[in-house]
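Structure at a glance
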Amino acid sequence: MSAPTAARAVTAQETGRRVEEILDRLTADGDPAGATAAEELVRSLMDFYGSGLARILQLLAASPGDPAARLLGDELVASLLVLHDLHPEDRDTRIRRALDSLRGQDLEVLGFDQDTGRLTLRAEAGGGCGCGSGADGAREAAEAALACFAPEVTVVDIETAPAGPTLLQIGVAPTVAR
């Protein structure tokens, strides 16, 4: 892991004052709907960051072990770190972490195109009707996990492979193209 970049230090008073100034300007402009929307936006962001900070405290107080691993494995904390470019893991590691977090999905990374944000995965074909709904469920699950851990992935394509051992199951690490 590399050291995260440092966020600009701000004080609570400075931030509170700045938010109040902006909300006052919006109210003074005479657009009540805009001012109400801005206040709602501030409340939503405060709820999000408050939840993230509470989660950090819960994870640090949890069972013994590596606190960094617990923090980096948590979707909320990871999304805050990625949002502020503070996540210490590289993109490929975060993609693998997101996919590893999926229960019951056997997905293999085939490649990532950083220009388009397209991640191509392979899913083992399951039983059932053969209608492809399993691939849709796998894609939705992967998209949700990747949104937190690797938001640079904007499109997920899933190819279906015949049932049998995958490269991951037989110990061959996938490659993620840069």
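Because the structure is predicted, anything quoted here is derived from the model rather than measured. Counting starts from 1 at the beginning of each chain's written sequence and moves along it residue by residue. Local features are withheld for residues below a pLDDT of 70 in this predicted model, meaning they are given only at 70 or higher, and side-chain atom pairs are given and counted only at 80 or more; totals for whole chains, interfaces and linings count all residues. Side-chain figures throughout are based on the complete set of non-hydrogen atoms in the structure, without hydrogens or water.

When the charged atoms of two side chains lie near each other, side chains of opposite charge can form a pair. One side-chain nitrogen of Lys or Arg within 4 Å of one carboxyl oxygen of Asp or Glu is enough to make a salt bridge. Tallied over the full model, the rule gives eight salt bridges. Here Arg91 ties to Asp92 by a salt bridge, and the two come within 2.9 Å at their closest N and O atoms. A salt bridge links Arg122 to Glu108, with the nearest nitrogen and oxygen atoms 3.5 Å apart. In this pair, Arg122 sits in strand 2 (residues 118-124) while Glu108 sits in strand 1 (residues 107-113), placing the two residues 14 residues apart along the sequence. Strands are runs of DSSP state E lasting at least two residues, helices are runs of H or I lasting at least four, and both sets are numbered from the N terminus onward.

A separate point is the environment of Ala161. Turning to its location among the elements, Ala161 is positioned in strand 3 (residues 155-161). Residue Ala161 is classed as buried on the basis of its relative accessible area of 15%. Along the sequence, Ala161 and Leu121 sit 40 residues apart, while their C-alpha atoms lie 9.9 Å from each other. Only protein chains enter the accessibility calculation, which uses a 1.4 Å probe; a residue whose area is less than 20% of its type maximum is buried, one above 50% is exposed, and one in between is partly exposed.

Where helix 4 (residues 75-83) is concerned, the buried positions are Leu76, Val77, Ala78, Ser79, Leu80 and Val82. Each polar contact in these results corresponds to two N or O atoms within 3.5 Å; when the atoms are within protein, one needs to be able to donate a hydrogen and the other to accept it, and residues that are neighboring in sequence are counted only if both atoms are side-chain atoms. Its side-chain oxygen placed 3.1 Å from the backbone nitrogen of Leu76, Asp74 serves as the N-cap of helix 4. Two residues or fewer past helix 4, Asp85 is found with a positive phi of approximately 55 degrees.

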